[in-house]
Amino acid sequence: MAEEKLQFTVGPTVTSVRFLSRDRLLSELGGEVLWVCDRHTRALFPELEGEARVVALEPGEERKTWESVDQILRFAIESGLGRDAIFAALGGGVVGDVAAFASSIFMRGCRLVLVPTTLLAMVDASLGGKTGIDYAGYKNMVGTFHPAEEIRISAELLRTLPNREFASGLAEVIKQSLLERSGLLATLRERREEIGRREPALLQEVVAQSLAVKGRLVEADFRECGVRAHLNLGHTFGHALEAVTGFTAWTHGEAVAWGIDKALRAGRLASLTDPAYEEEVRALLTRYGFRLGTEGKLVEPLLQAMRFDKKKRSGRVRFVLQRGWGDTFLSELSDEVVRSALAESAHAS
């Protein structure tokens, strides 16, 4: 695969995205580096053997906590690192978010390089500068904006992912394809089997197309005051599902796919979304194997969880909805509409 480079202006930072061969991911960073990984991702990088400055977190969403941030900060202080140090995060979204949060507050902000190892992290968590931890039972409730100076990606790593984790990343790719009238949606429709075979050249193309969509929205709206919020399509519903099921029953991507379907259902019930478009997206999600039903007993807990969504303004939750492909907007929805969308889903399951 040819080396490729993208560049985005993310708030005050120019973020370079480099597509590299697997053997070049950790080379030539320059400066003093603190490597942050978890036990699983450390095993992917035998070249870290013998490195003195490595923090290996316990894996899993349940480790996205203050304790993990404290572990990184203490290690950085004990290692005598200065503000010009690089925190290099090797892993999925949890490792990236936690390491980036620690980087943003260590000496009021030090350098950050991300080496995402999952499809979800490559196309979503790595670009845009959002950092965070879960708090009080809610996802990403505490965090900062701190963009990476560099993101290093090797599609070769995606061959190591369990099928469920790979599918989780594809949910965010599908979401990106719905937000902008680009060639990404056609790629997903026409090349599903090749994507399923995880051909590295095609996956590099898919990741680059996905990042291009996200990058344009982030460049236009760093602090999420406007169009960047469109990237949360499916997330108000999806985060609520993750919360009420204890962050264990559904992966983030599975919850987002489920949430996209619910957002379009709710939009259709409110006469805001084209019914044909809703059916088309549901068919695509189903074709990629996502489950779209839930148990009826979850309807009221889901409604309650959505009331704590970070995107609310003046106490009101704003949902990311679509009229059709590339036509995205924010709107409040009545509890009756949301409840009906969830009840439809429970009946369908």
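Structural data are supplied above this passage.
None of these values were measured; they are calculated from a predicted model. (Residues numbered from 1 in each chain as written. Predicted model: local features only at pLDDT ≥ 70, side-chain atom pairs only at ≥ 80, totals over all residues. Heavy atoms only, no water.)

**Observations regarding the overall build of the protein chain**
Convention followed: What counts as a helix is a DSSP run of H or I of at least four residues, what counts as a strand is a run of E of at least two, and both are numbered from the N terminus. For the radius of gyration, the atoms used are the C-alpha atoms, and the globule rule reads 2.2 Å times the number of residues raised to 0.38. Pairs of residues are marked as contacts when any of their non-hydrogen atoms sit within 4.5 Å. Here the open area of atoms and residues is found with the Shrake-Rupley method and a 1.4 Å probe, where only the protein chains shown may cover a residue. Just so you know, the count uses Lys and Arg for positive and Asp and Glu for negative, and it drops His and the chain ends. In plain terms, the charge of a residue is placed at NZ if it is Lys, CZ if Arg, CG if Asp and CD if Glu.
Across its full length, the protein chain holds 13 helices and 11 strands. Expected size for 349 residues packed as a compact globule is a radius of gyration near 20 Å; at 20 Å, the protein chain falls within 12% of this value. Projecting the C-alpha coordinates of the protein chain onto the three principal axes gives extents of approximately 55 × 40 × 35 Å. The contacts of the protein chain with a sequence gap of at least 6 include a subset with a gap of at least 24, amounting to 70%. Carbon and sulfur atoms form 50% of the exposed surface of the protein chain, whose accessible area is close to 14,200 Å². If you average the places of the 45 positive and of the 48 negative side-chain charges in the protein chain, the two averages end up 3 Å apart.

**Notes on the nonpolar core**
Across soluble globular proteins, you tend to see nonpolar side chains buried next to one another. Which entries qualify depends on this criterion: Here, nonpolar core means buried Ala, Val, Leu, Ile, Met, Phe, Trp, Tyr and Cys residues that are tied together by side-chain atoms lying within 4.5 Å of each other. Accessibility here uses a 1.4 Å probe with only protein chains present; expressed as a share of the type maximum, an area under 20% marks a residue as buried, one over 50% as exposed, and anything in between as partly exposed.
Ile72, Phe87, Ile195, Phe237 and Leu342 are the most contacted members of the largest nonpolar core, which has 97 residues in total. Sequence-distant contacts of Phe87, that is, excluding residues within four places in its chain, are made with Leu34, Ile72, Ala76, Leu81, Ala99, Ala102, Ser103, Phe106, Cys110, Arg111, Leu112 and Val113. In this structure, Leu20, Leu29, Val115 and Leu157 belong to the second largest nonpolar core, which totals 16 residues.

**So, the environment of Phe106**
Mapped onto the elements, Phe106 comes out in the loop between α3 (93-105) and β6 (111-116). Through-space distance from the C-alpha of Phe106 to that of Val244 is 33 Å; in sequence the pair is 138 residues apart.

**Considerations on unusual backbone geometry**
With a phi angle near 55°, Glu28 is a residue other than glycine that sits in the positive phi range. One can find Glu28 in the loop between β2 (13-19) and β3 (33-38).

**Quick word on the packing of helix α5 (residues 163-179) against helix α10 (residues 252-269)**
Definition in use: Every axis in this analysis is a line fitted to C-alpha atoms, fitted for helices over the stretch in contact. Angles between the N-to-C directions lie between 0 and 180 degrees. By convention, the crossing between two helices is left-handed when the near helix turns anticlockwise from the far helix through less than a right angle, and right-handed when the turn is clockwise. When residue character is reported, Ala, Val, Leu, Ile, Met, Phe, Trp, Tyr, Cys and Pro are called nonpolar, Asp, Glu, Lys and Arg charged, and the others, Gly included, polar.
Where α5 meets α10, the closest approach of the two axes is 7 Å, and the angle between their N-to-C directions is 35°. Considering the relative orientation of α5 and α10, their crossing is left-handed. In this structure, α5 uses Arg164, Ser168, Ala171, Glu172, Lys175 and Leu178 to contact α10, whose residues at the interface are His252, Gly253, Glu254, Val256, Ala257 and Ile260. Split into classes, the residues belonging to the contact of α5 with α10 amount to five nonpolar, three polar and four charged.

**Considerations on the pairing of β3**
Walk down a regular strand and you will see the side chains alternate between the two sheet faces. Selection rule: Two strands make a pair as long as DSSP finds a minimum of two bridges between them. Clockwise travel from the first strand over the helix to the second, with the strands pointing away from the viewer, marks a crossover as right-handed.
For β3, the buried fraction is high: six of the six residues fall into the buried class. With burial as the criterion, each face of β3 is covered, one bearing Val33, Trp35 and Cys37 and the other bearing Leu34, Val36 and Asp38. With four bridges joining them, β3 and strand β5 (residues 86-91) adopt parallel strand pairing. Its bridge partner being in β5, Val33 is matched across the sheet by Ile86. When β3 meets strand β4 (residues 54-57), the two strands line up parallel, connected through four bridges. Following the sheet pairing, Asp38 is matched in β4 by Leu57. The β-α-β motif built from β3, the intervening helix α1 (residues 39-44) and the parallel element β4 has right-handed crossover chirality.

**Notes on the packing of helix α2 (residues 66-78) against α3**
The following threshold applies: The scheme is simple: roughly parallel for angles under 35 degrees, roughly antiparallel for over 145, roughly perpendicular for 65 to 115, oblique for anything else.
Relative orientation of the contacting elements α2 and α3 amounts to 55°, with a least axis distance of 9 Å. One finds that α2 runs oblique with respect to α3. The way α2 lies across α3 gives a crossing that is right-handed. Contacts between α2 and α3 involve Trp66, Ser68, Val69, Ile72 and Leu73 from the former and Val98, Ala99, Phe101, Ala102 and Ile105 from the latter. Among the residues forming the contact of α2 with α3, the class breakdown is nine nonpolar, one polar and no charged.

**Side note on α3**
The following threshold applies: Given a helix with a known number of residues, its expected span is that number minus one, times 1.5 Å.
Helix length check: α3, at 13 residues, gives a terminal C-alpha distance of 18 Å against a target of 18 Å (1.5 Å per residue), a fit within 8%. All buried positions along α3 are accounted for by Val94, Val95, Gly96, Asp97, Val98, Ala99, Ala100, Phe101, Ala102, Ser103 and Ser104. Following α3 by one or two positions, Met107 adopts a phi angle in the positive range, close to 50°.

**A word on the environment of Ser331**
As for its position among the elements, Ser331 is in strand β11 (residues 327-331). For the pair Ser331 and Leu321, spaced 10 residues apart in sequence, the C-alpha separation works out to 7.0 Å. With residues near it in sequence (within four places) discarded, Ser331 still touches Leu272, Val317, Arg318, Phe319 and Leu321.

**Concerning the sheet that holds β3**
Spatially, β1-β2-β9-β6-β5-β3-β4 is the arrangement adopted by the seven strands of the open sheet, whose pairing is mixed. The sheet terminates laterally at β1 (4-10) and β4, the two strands that pair on one side only. Strand-to-strand twist across the sheet, computed as the mean angle between neighbouring axes with direction ignored, equals 15°. Docked against the sheet, α2 engages β3, β4 and β5, running at close to 165° with respect to β4. Strands in contact with helix α8 (residues 200-220) are β1, β2 and β9 (150-153); relative to β1, the strand with the most contacts, it is inclined by about 15°.

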